[in-house]
Every structure is written in C-alpha cells, then in structure tokens.
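# Fold and contact review
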Amino acid sequence: MPRFDIIGQLGSLRRYARSLTRDSIDAEDLVHDALVRAYERRSTFRSGGNLRAWLLSIAHNTFIDTMRSRKSEAARLEQAGYLAEGSTPAPQEHSVRLAQVREAFFSLPEEQRSALHLVAIEGLSYSQAAEASGVPLGTLMSRIGRARAALREMEKPAKAKNHLRIVGGPS
C-alpha cells in the first residue's frame, strides 16, 4: 500500500473548505470529516494517483452530502414546527413567548439547530446525538454550546425591546 501522507495537503484542503463553507468553523469541521472519510477509504486511492485531487474531491463530496443532509433536516424541523403549532393552543402571553423562542431557534444556523434539537427536544444523550448527526462528540458539544450562547444573546435584546405589557398581568 502506498504511503498515505496528507500533512502536505492540509493547506489546500483548508483553503478549499473555507471557500465552500464561507465560515472558518464549518471549514474545519469539513476538513475533519473529509479526512476521516479519506482515511476510511484510503484503500481506494490508486497508487501513483494525485493525492491532492483525490482529497479535494472527497472534501467536495463531503460538503455536498452535508448540505443535502442539512436541507433535509431543516425540512423535517420546519414540518415538526408546523405540527407543533397546531397541536396545543396556549394562552396569549405564552403564545407570544413561544413564538419568540421558536423564531430564535429557527434563526440558528442549521448545524446548531439540529444539534440542539436532538439533545434538548428529542432527549438524546450527547453521544447518541453525535452518532445520529454523523459528527464527532466534540463537534456536537461545540455546536450545542454555540447554539445556547446565541439564544442567550438573542434573549438580551428581546427583554430590552419589550415595552409592551400584558393587561392584567405583571408590569
């Protein structure tokens, strides 16, 4: 088996991943996922072939697979949101708050929303959610942390802008 040396290709992989994702964090995730996939399939690399082109192809295919997966997950989450909307009528103040939380949740990036959904809504453990998402445990935990931080940040302006009060309720 030929030597499988990818260290010299990391710069190209990172640049290409950054170009595809337009985000440094997503680019690192993409490079990691592509390298894992390349290592698992290293026996398919033809001796004498162009290692750089092979790795860039794997990165590209991994990106496409990820985007398809995210779109599919987003459609499922959106459908779940529609189902949840019609299932339980709530008192008005709770409906308004639920709508605010729902809007904040759906404004999260897809990978963060998906990770948080699996853990917070579906009740999966972090390791189960990582396996279900097809990402390493550390990546999942990072995405959940970023999602929670983003929701906390979205909450701050909502309280500051809330100049309306519910009649007959607390002021």
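Residues numbered from 1 in each chain as written. Predicted model: local features only at pLDDT ≥ 70, side-chain atom pairs only at ≥ 80, totals over all residues. Heavy atoms only, no water.

This next bit is on the pattern of salt bridges. Under the counting rule described, the total for this entry stands at five salt bridges. The partner of Arg37 in a salt bridge is Asp65, and the shortest N-O contact between them spans 2.9 Å. Of the two residues, Arg37 is situated in helix H2 (residues 24-40) and Asp65 in helix H3 (residues 51-87); the sequence distance between them amounts to 28 residues. Here Asp65 falls in the partly exposed class, since its relative accessible area comes to 33%. Glu73 serves as the salt-bridge partner of Arg76, at 2.7 Å between the closest nitrogen and oxygen. Note that Arg76 and Glu73 are positioned in helix H3 at a spacing of three residues, about one turn of the helix. Judged by its relative accessible area of 46%, Arg76 is partly exposed. On the basis of relative accessibility, which here comes to 16%, the residue Glu73 falls in the buried class. (Salt bridge = Lys/Arg side-chain N within 4 Å of Asp/Glu carboxyl O. Helix = DSSP H or I, 4+ residues; strand = E, 2+ residues; numbered from the N terminus. Buried < 20%, exposed > 50% of the residue type's maximum accessible area, 1.4 Å probe, protein only.)

Moving on to the nonpolar core. With 19 residues, the main nonpolar core has Leu13, Leu35, Leu51, Trp54 and Leu55 as its most contacted residues. Of all the secondary-structure elements, those providing two or more residues to this core are helix H1 (10-21), H2 and H3. By residue number, the principal contributor to this core is H3, which donates seven residues. Other than its neighbours up to four places away in sequence, Leu55 contacts Ile6, Gln9, Leu13 and Ala38. By size, the runner-up hydrophobic cluster in this structure holds 12 residues, among which are Leu108, Leu118, Val135 and Ala147. (Core = buried A, V, L, I, M, F, W, Y, C linked by side-chain atoms within 4.5 Å. Contact = heavy atoms within 4.5 Å.)

Another aspect to go through is the packing of aromatic side chains. Scanning the entire structure with this criterion turns up two aromatic pairs. Ring centres 5.1 Å apart and planes at 55° place the aromatic pair Phe45 and Trp54 in the tilted group. Each member of the pair Phe45 and Trp54 is classed as buried. Each ring, one from Phe105 and one from Phe106, has its centre 5.5 Å from the other, and the planes form 75°; the classification is edge-to-face. (Phe/Tyr/Trp six-rings, centres within 6.5 Å; stacked < 30°, edge-to-face > 60°.)

Two elements in contact, H1 and H2, have axes separated by 8 Å at closest approach and are oriented at 125°. As summarised for this structure, H1 and H2 are arranged oblique, according to the angle between their axes. The element H1 and its partner H2 pack so that their crossing is right-handed. Touching Leu10, Leu13, Arg14, Ala17, Arg18, Leu20 and Thr21 of H1 are Ser24, Asp26, Ala27, Glu28, Leu30, Val31 and Leu35, all from H2. Looking at the contact of H1 with H2 residue by residue, the classes come out as eight nonpolar, two polar and four charged. (Axes fitted to C-alpha atoms, helices over the stretch in contact; angles between N-to-C directions. Parallel < 35°, antiparallel > 145°, perpendicular 65-115°, else oblique. Left-handed = near helix turned anticlockwise from the far one by under 90°. Nonpolar A, V, L, I, M, F, W, Y, C, P; charged D, E, K, R; others polar.)

Right, let's get into the environment of Val119. Position of Val119 relative to the elements: it lies in helix H5 (residues 110-121). Remark: the alpha-carbon pair of Val119 and Ile144, spanning 25 residues in sequence, is separated by 8.5 Å. Residues in contact with Val119, not counting those within four places in the same chain, are Leu124, Tyr126, Ala129, Leu140, Ile144 and Arg148.

Turning our attention to the side chain of Glu111. By secondary structure assignment, the location of Glu111 is in helix H5. Residue Glu111 is classed as buried on the basis of its relative accessible area of 10%. Apart from residues no more than four positions distant in its own chain, Glu111 is found in contact with Asp26, Arg70 and Arg143.

Looking now at H5. Across the 12 residues that make up H5, a large majority, nine, are buried. Listed as buried for H5 are Glu111, Gln112, Arg113, Ser114, Ala115, Leu116, His117, Leu118 and Val119. Among the residues trailing H5, Gly123 stands out with phi positive, at a value near 75°.

None of the figures reported here should be taken as evidence of function without further support.
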